[in-house]
Amino acid sequence: MSNAYNIEWKTSTNDTLSAKTKELVGTKTSDHPLKTTTVTERIPRRILGSQPSTGRTTPVSSPSALLEPLSTALEGVDPLTAFAIEEMDPLSKLAAEETDSRSNSDKKSDQRVEVDSWGAKKAAILSKYTTSEKISIVTSFLSDGEKVVVKAQSTAVDKIQHRLEQLDCIDEGSQTKLDLSQTEYVNRIEQLNRELVSAWNSEQRVKSLKIAIQCAKLLADTSVLRFYPSKFVLITDILDVFGQLVYNRLSTKTDSHKLGSKLAKLPEDFTPDMVSDSAKETCLNWFYKIASIRELVPRLYVEMALMKSYYFLSLSECQDALRRLTHMISGIGNPLVAVYARCYLCRVGSSLSNRIKNKQYLLQNFHRFLQSYQHLFSRSVKGELTQQKMSLSVYMSLFTPALDYMLQTVTLDSSDFLLDDLLERCRVHGNSSLILNTIMSAFKPTLISIRTLQFLEMIEHCLDQGIPLHSLLRTLGLCVSVAPPPFEHRRQILNIAWRHIASLKDVEEYIACAEPWVLYVVKYFSHREINTILGDIIEHIAPDRSYEQYYNQLKYIVENIVHNIQDFEALLVMDNFLPLIDLFQEESARVEVCKKILIGSNISVHVVNDPVVVNALMFLCSTLHDSVNALTPDDEYRQIGDILCHVIKVIDYGRDFEQQLTFYVEARGMFSNIDIVFVQLVQCVNALSVKTRQIVKGAHTRKTGDFVRACAAYCFITIPSIKSVKHRLRLYLLSGQVALFNQCLGQADACFKAGVSTISEIQSEKAQFPEAELVPYVKQFLSILLVVPDNPDCSVLNLTRSMLNVLQGYSWDNTASLISIYLSVIDMLSVMAQEWYPYHIDKVESNDSLYGSDKKFIAEINKICSVVISELMSKLQALGPCTKQSSFAVELFVKVAVRNELTNQLLVLALNLWNLAVKDGSLDKRYLIRTKDYLKHKSSSNNTRLQEIVEKME
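The following refers to the structure shown. (Residues numbered from 1 in each chain as written. Predicted model: local features only at pLDDT ≥ 70, side-chain atom pairs only at ≥ 80, totals over all residues. Heavy atoms only, no water.)

1. Details of the pattern of salt bridges
So, point 1. Counting across every chain of the model gives 33 salt bridges.
So, point 2. Between Asp 240 and Arg 347 there is a salt bridge; the shortest N-O distance is 3.1 Å. One end of the pair, Asp 240, is in helix H10 (residues 228-253); the other, Arg 347, is in helix H14 (residues 335-351), and 107 residues separate them in sequence.
So, point 3. Asp 240 gets classed as partly exposed once you look at its relative accessible area, which sits at 27%. (Salt bridge = Lys/Arg side-chain N within 4 Å of Asp/Glu carboxyl O. Helix = DSSP H or I, 4+ residues; strand = E, 2+ residues; numbered from the N terminus. Buried < 20%, exposed > 50% of the residue type's maximum accessible area, 1.4 Å probe, protein only.)

Shown next, in the form of structure tokens:
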């Protein structure tokens, strides 16, 4: 550093502070210079257990229930599901991505008494019931649309006559029959929907009705049975749109509801007397048109779509229509078409539940289905199944969406009596598997769970093979895993159920059935039973690498175990748990599972030192760590780092510090790719070193001295491997302080030197360590340098000189930052020249003891101070007139006046600084007055030079 101003500084060693500090030597204090050096902000912490599922980050959900977004993008979504997703809100989109088995699980886990939203069910149906066969569609509104000739009608009679003529011609004209793929069929249905809305908006009401009728006709076609549930969803969406258009039209047409002289919007709970005659007439006209439809199925569906409009005519008409349609649906010969018609009737009625008090029609619809149950096994149905090469079990599964919804509407206010009645009806039909499965799906799990043994008996005595055994057991398992069965029955239930599950030969059936029952075992049984069940799962799915097809189910099993087991350590030492994890050969699946397990350990485990558990945790951690590469996203990188850091913290060997340090050495070799893990390891080793000192109360033996030096060496070796300059800087300072605290002077000196040299490295990485953070860091460093004794192998104040040289060579964006640091350097050097320092580190002799205020030592301090003052004056001049210059000038003035012996040159300099600050006029006058009063107080101790300054201050 150059001495441009040639100012000779002479530090005052007679400061009253020096005398006072003599009295403080050996006095105990709760404050410690190392206390402020704890790096609390070094590692951003997150409580990982508060996410499932990531679920869920992660979207919220049962993670194993969702398809991975990247996998979905690569494999593609079938067009039917894509069409459904386009029309949904984000929550419904998530529901559409769920597998059918997971949607059942979610439904059972919800113990509230309410019917699942149709939107979620609709998405699940669209995603499950697909086909690769050609689907027939007959309509006249697909190619170029219908050219409607609008004649001018002079009277209302002519207008009505014309519309009736259009309706009479509904089956006439050119109609096209097309055999379409599923994608093409969905596109055509979407086109019909647009045509209907477009025709309505262009005042072509009859055309809209004709489109609705032709759409409803499609629901009578069962030529592709597998696709029928999805077809039902798509067509009824169009009918819903049509029904709402008619209702809105009738609402706007009425003018009888008035408030004063102003027309008001018709309320939701309006009564027929509020409806105008013209609206009633139009409403009747619509229902007359519907009554003229020849075919039963379209007539029923269109009337059901317009059910809400009955309230324009009469309050009781809607209730009567629901009962009437319940009986009329019995005229539909095809059982599948009939049950979905009843489902639509229940759905329409449920949407009007606020106005319909008598809901007996809901139960009547289910009873009507039970009465016609034997039709499912009729000769015509068997012939259709033979023609379409469909098994009876697959055919039965087509009924489940409709029946589940119907019975859920009934069980909204369910009771034990209703359940017993339905079970008795089920017995009458030979313990029908379809009815049994519907009952278990619809009623609250608590009602099912207390009758588990009864259901198991009925399942064993099913006379038909409609719904297979594994599906029935799975549905029952979903119930008992949510609501506990009676305590005295639990083991018997498990023995009976698992005997049937273990006998399943098909792996797909086995894993689907075992999935919910594993949760039952985890919740209500000991580790021995859990281990046995896991062994059975491995035995079933390990041959022929079958597990590769069922990663989602296995992930869900692992997640249920981790989240519900009481003793997490016992899980890790089970004979069959880690072998289950080994089944995940695909890297992404293995990483996901390991992440779920370790996140679960964050919640359940607080301290671990069992060697088997530690090895299991480190195996899982190494799997996560090895998955990190240059392409790993930042969020994933941070999450894995946080998980590994938490595991490192929970592994604690208590007072066996040597074993603890050995573990940290092994961990450093295993986790070399993640910065934040190295930071955590250095922190842990420093904490270990401090604990050692606390135990020996500062009086190290040869053994403990060697140990803390080994800890310091570990930190010094590990820190350079950390990529982040910010972390390196903070850890060098912290590790040096801890080493000094343990009287490891050589190690502390090495850490401090490395910290100083690292400052010069951040020049090109200011984004990581901006000047706003560097300034307080340097000031903290200076406070430590005060008590660091000089290395006998180096020159006097070698560390301080190195720090100043680095700071001068640093390219500062803001000159004020360097000025602020230099002012702190003056304070530090001035205190260093005193006979006694204001604070010390126990059992460490600082320079006040080593040099004893030796004249040569004081001369070196004065020489450095002179250079710093010269640099300060140069920087202040470069700063130019401004508020900052005035503020710094006052600070430097006080230091010159108080910290040195005030030679003539420095006295003139002090007065010039004061005049510079006062001349600017930007500083608070009260601040200047307090500064002057402070100097008056200091000058009272026979300091003539200081008194002279006070007298000359303006």
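2. Things to note about the nonpolar core
So, point 1. Counting 219 residues, the largest nonpolar core has Phe 242, Tyr 301, Met 307, Tyr 395, Ile 439, Trp 517 and Ile 537 as the members making the most contacts within it.
So, point 2. Not counting the four nearest positions on each side in its chain, Phe 242 is found in contact with Leu 196, Trp 200, Ser 208, Leu 209, Ala 212, Trp 286, Val 302 and Leu 306.
So, point 3. If you look at the next biggest cluster of nonpolar residues, it comprises 83 residues, including Ala 748, Phe 752, Leu 804 and Val 844. (Core = buried A, V, L, I, M, F, W, Y, C linked by side-chain atoms within 4.5 Å. Contact = heavy atoms within 4.5 Å.)

3. Some thoughts on the packing of helix H42 (residues 855-879) against helix H43 (residues 883-899)
So, point 1. Where H42 contacts H43, the two axes come as close as 10 Å, and the packing angle between them is 160 degrees. For the element pair H42 / H43, the angle class is roughly antiparallel. Between H42 and H43 the crossing geometry is left-handed. Two secondary-structure elements touch here, H42 through Ile 869, Leu 872, Met 873, Leu 876, Gln 877 and Leu 879 and H43 through Lys 884, Gln 885, Phe 888, Ala 889, Leu 892 and Val 896.
So, point 2. The residue inventory of the contact of H42 with H43, partitioned by class, reads 9 nonpolar, 2 polar and 1 charged. (Axes fitted to C-alpha atoms, helices over the stretch in contact; angles between N-to-C directions. Parallel < 35°, antiparallel > 145°, perpendicular 65-115°, else oblique. Left-handed = near helix turned anticlockwise from the far one by under 90°. Nonpolar A, V, L, I, M, F, W, Y, C, P; charged D, E, K, R; others polar.)

4. Remarks on the packing of aromatic side chains
So, point 1. Enumeration over the complete set of coordinates arrives at 29 aromatic pairs.
So, point 2. Taken together, a centroid distance of 5.6 Å and an interplanar angle of 35 degrees make the contact between Tyr 301 and Tyr 344 tilted. With Tyr 301 in helix H12 (residues 296-305) and Tyr 344 in helix H14, this pair connects stretches of sequence that are 43 residues apart.
So, point 3. Residue classification places Tyr 344 among the buried residues on the basis of a relative accessible area of 0%.
So, point 4. A ring pair is formed by Trp 517 and Tyr 520, whose centres lie 5.3 Å apart and whose planes are at 80 degrees; its orientation type is edge-to-face. In this pair, Trp 517 and Tyr 520 both sit in helix H25 (residues 507-524), 3 residues apart, roughly one turn of the helix.
So, point 5. Accessibility expressed as a relative area gives 0% for Tyr 520, which makes it buried.
So, point 6. Aromatic rings pair up to connect Phe 366, Phe 369, Tyr 373, Phe 377, Tyr 395 and Phe 399 into one cluster.
So, point 7. Note that Lys 308 overlies the ring of Tyr 247, its terminal NZ or CZ placed 4.3 Å from the centroid. (Phe/Tyr/Trp six-rings, centres within 6.5 Å; stacked < 30°, edge-to-face > 60°. Lys NZ or Arg CZ within 6 Å of the ring centre and 35° of its normal.)

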